[in-house]
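A structural walkthrough
Below, each chain spelled out in residue letters.
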Amino acid sequence: MPTPHSPTMVAIGDLDEDGDPDLVIAGRNSEGFAYLVPNEDGVLGTPIELVTGGQTDWVEIVDLDGDGHLDLCFAVRSLRGRLSLLRGFGDGTFAEFEEIRLGREPRALVVDDLDGDGDPDIAAMNHRLPIIEILFNDGTGGFERGADVVIAESEVGHPYPQAIDTVDIDRDGDRDLVVVATGASRACVVLNRGDGTFEPDAGWRPPRVTGEIGGMTNLGIGDVDSDGDEDLVVPLILLDSPSHVGVFENGGATAGVDLQRERAFPATQLGYAYAIALGDLDGDDDLDVVVGHALPGPVMALDNRTVPVSEGGDGRVTFEPPQQIGSDTFFRAVLVTDLDGDCDQDVLAVELISNSVWFLPNLTPQEGSDCGDGIAPRTGRATPSRTSPSNFAIDRNAIGDLNGDGAITGVDVALFLETVGGDVHADHRPASESPEGRVRR
């Protein structure tokens, strides 16, 4: 990025309507900028500054007002939180940002049709409060407030919600909410009644690894066991074991939700698993997993080798050992998408410390490809992997019990990692608790 941006995530959409997916990169820089990176036939151009009004942890790209052009919806990370909306003109330019006030420090949001009326609504998640704020679209891109949704209210310690997505997890035709409450170490499912109001949440803890509770920061949703329903996949941050990937297998209950939680898979011997994405990297019609790590930061790919029941297998989720496809210091977000239009799934990885976004083009031979003879020819060279730096370590004693549950676990490491890369404006945290004081070189 052209300025110290502390990039937090990347979203894609054809913002100039030329047929290629462009990038929008949120970030925690103090000036309140995000960046648009135009894509021209798989070649990424110079980042263009977007003024959002504050530090941003999340952006969604969607046509909010039904004019046929994609708009941008940012979660502005502030103790006096807000949404920042940039209406698109269809040529890669935008109107000045509009603000909608929210509660304390919104970390993420999701845009989807929550009330079944055909237009996109917003669910925005507050990190400092266990609340999801619901905003209903009036059909013209204006928004009216619905009832708040409370997450993990009865759990010990502060829930600190961190990630949110929507999925029809109970297969009843409406969009449910799934939230990772990092402080409570819970995957919370909130079922939609069909009109944009929601049942009380149900929470699941991830599988323990050698008896240890893992910290979760991110969320992937997809049918990893190929049984026709959507599963949840999360990174697991551990203190006494290498980081793992946790899988909540959906049992496909006809009423309610049935998540099974006995599956965990090693992700790396280095660093802390932070970001996760799902996609079919090898063209064999199942979902593989990509994991970005922190301190140090390898990017690992786990090849899905599950044999579904429909093909004579036992349907039990199985992955090959992880393969390293990139390395730096702190990959805070990963995304699987066909960026260069060659009919396979590439990886975008957001690197917080080096202020960059990595484009990792897929060179994997595709099984059963219907896109011609294997992968399309490429010119140029692949980005070489760098050796993971080993001079970072987290001072566990200095982290403390961040979620207030009476124990120091991987959950507290996860909460600490979420603070790296920019302080919240008007945050009351004392200097002795800054991220710099908890990381050793």
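Residues numbered from 1 in each chain as written. Predicted model: local features only at pLDDT ≥ 70, side-chain atom pairs only at ≥ 80, totals over all residues. Heavy atoms only, no water.

Helices and strands together make up the secondary structure of the protein, namely 2 helices and 30 strands. The buried share of the protein, reckoned over its 441 residues, is 57%. Across the protein, the fraction of contacts at a sequence separation of at least 24, relative to all contacts at a separation of at least 6, is 49%. In the form shown here, the protein has an accessible surface area of approximately 17400 Å², with 48% of it arising from carbon and sulfur atoms. (Helix = DSSP H or I, 4+ residues; strand = E, 2+ residues; numbered from the N terminus. Buried < 20%, exposed > 50% of the residue type's maximum accessible area, 1.4 Å probe, protein only. Contact = heavy atoms within 4.5 Å. Areas by Shrake-Rupley, 256 points an atom, 1.4 Å probe, with all protein chains shown as cover.)

The subject of this paragraph is helix α2 (residues 410–417). Most of α2 sits out of view: 8 of its 8 residues are buried. Within α2, the full set of buried residues consists of G410, V411, D412, V413, A414, L415, F416 and L417. For α2, the side-chain oxygen to backbone nitrogen distance between the N-cap and V411 is 3.1 Å, and the N-cap itself is T409. (Polar contact = N/O pair within 3.5 Å; in protein donor to acceptor, adjacent residues only side chain to side chain.)

This part takes up the sheet that holds strand β19 (residues 202–204). Within a sheet, neighbouring strands are paired by backbone hydrogen bonds and run either parallel or antiparallel to one another. Spatially, the 4 strands line up as an open sheet ordered β16-β17-β18-β19, and their pairing is antiparallel. Here the strands that pair on one side only, and so sit at the sheet edges, are β16 (161–167) and β19. Averaged over all neighbouring strand pairs, the angle between strand axes comes to 25 degrees, with direction disregarded. In terms of strand pairing, strand β18 (residues 186–190) meets β19 through 3 bridges, oriented antiparallel. Across the sheet, A187 pairs through a bridge with W204, a residue of β19. (Pairing = 2+ DSSP bridges. Axes fitted to C-alpha atoms, helices over the stretch in contact; angles between N-to-C directions.)

A few words on the packing of aromatic side chains. Counted by the stated rule, this structure contains 3 aromatic pairs. Geometrically, the ring pair formed by F265 and F319 is edge-to-face, given 5.0 Å between the ring centres and 85 degrees between the ring planes. With F265 in strand β23 (residues 259–266) and F319 in the loop between β25 (288–302) and β26 (323–337), the pair connects residues that are 54 residues apart, well separated along the chain. By relative accessible area, which is 9% here, F265 ends up buried. On the basis of relative accessible area, F319 is assigned to the buried category, the value being 10%. (Phe/Tyr/Trp six-rings, centres within 6.5 Å; stacked < 30°, edge-to-face > 60°.)

Attention now moves to the nonpolar core. Judged by nonpolar contacts, the single largest core of 28 residues is most densely connected at V290, F330, I394, V413 and L417. Of all the elements in the fold, those that place two or more residues in this core are β24 (272–279), β25, β26, β27 (346–351), β28 (356–360) and α2. Sort the elements by how many residues they give to this core and β25 lands first, with 5 residues. Core analysis: the second largest hydrophobic core is formed by 22 residues, A34, L50, I61 and L339 among them. (Core = buried A, V, L, I, M, F, W, Y, C linked by side-chain atoms within 4.5 Å.)

Computed from the structure, the largest pocket encloses a volume of approximately 760 Å³. The wall of the largest pocket is formed by 32 residues, among which M9, W58, D165, V334 and L335 lie closest to the centre. Residue assignment for the lining of the largest pocket shows that the elements contributing at least two residues are β1 (7–13), β7 (56–62), β11 (106–112), β16, β20 (220–222), β24 and β26. (1 Å grid on protein atoms, 1.4 Å probe; cavity = no way out; pocket = protein on both sides within 12 Å on 5 of 7 lines; lining within 4 Å. Points joined across faces, edges and corners; volume = space filled by probe spheres on them.)

So, on to the pattern of salt bridges. In the structure shown here, the tally under the stated rule is 17 salt bridges. R175 is paired through a salt bridge with D112; the nearest N and O atoms lie 2.7 Å apart. With R175 in the loop between β16 and β17 (176–181) and D112 in strand β11, the pair connects residues that are 63 residues apart, well separated along the chain. Judged by relative accessible area, R175 falls into the partly exposed class, the value being 29%. (Salt bridge = Lys/Arg side-chain N within 4 Å of Asp/Glu carboxyl O.)

The subject of this paragraph is the confidence of the model for the protein. Confidence in the prediction for the protein averages 89 pLDDT; 89% of positions are at 70 or higher. Here residues 372–390 is a poorly scored stretch, pLDDT under 50, and it has 33 contacts once near neighbours within four places are set aside; other chains count. Every residue in residues 426–433 scores below 50 in pLDDT, and together they form 11 contacts with partners more than four places removed in sequence or on other chains. (pLDDT = per-residue confidence, 0-100.)

What follows concerns the sheet that holds β27. Overall, antiparallel pairing links the 5 strands, which are arranged β24-β25-β26-β27-β28 in an open sheet. Because the sheet does not close on itself, it has two edges, and the strands there are β24 and β28. Taken pair by pair, the neighbouring strands of this sheet meet at an average axis angle of 35 degrees, ignoring direction. In the sheet, β25 pairs with β26 via 6 bridges, with the strands oriented antiparallel. Following the sheet pairing, A301 is matched in β26 by Q323.

With that settled, consider the pairing of strand β22 (residues 244–250). With 7 of 7 residues buried, β22 is to be regarded as a mostly interior element. Alignment of strand β21 (residues 231–236) against β22, held across 5 bridges, turns out to be antiparallel. In the sheet register, L236 faces β22, and the bridge partner there is H244.

Turning next to the pairing of strand β9 (residues 82–86). Taking burial as the measure, the 5 residues of β9 include 5 buried ones, the bulk of the element. On β9, burial covers both faces: R82, S84 and L86 on one face and L83 and L85 on the other are all buried. A loop of 5 residues connects strand β8 (residues 71–76) with β9, the two strands running antiparallel in sequence. One ladder, built from 4 bridges, connects β9 with strand β10 (residues 98–101); its direction is antiparallel. By the bridge assignment for β10, R82 is matched with R101.

Secondary-structure assignment places D71 in strand β8. Comment: no salt bridge for buried D71; closest opposite-charge side chain is R87, at 4.9 Å. Within polar-contact distance, the side chain of D71 engages the backbone nitrogen of L64 at 2.8 Å. Looking at D71, its side chain comes within polar contact range of the main-chain nitrogen of G88, at 2.8 Å. Not counting residues within four places of it along the chain, the set of residues in contact with D71 comprises E60, I61, V62, D63, L64, D65, L86, R87 and G88. (Lys, Arg positive; Asp, Glu negative; His and termini not counted.)

We now examine unusual backbone geometry. The amide bond that connects L295 to the next residue, P296, takes the cis arrangement and shows omega of -5 degrees. Structurally, P296 is set in strand β25. If you check the backbone angles, S6 has positive phi at about 45 degrees while not being a glycine. Relative to the elements of secondary structure, S6 occurs in the segment before β1. You will see that R171, though not glycine, has its phi angle at about 55 degrees, which is positive. With respect to the helices, strands and loops of the structure, R171 is situated in the loop between β16 and β17.

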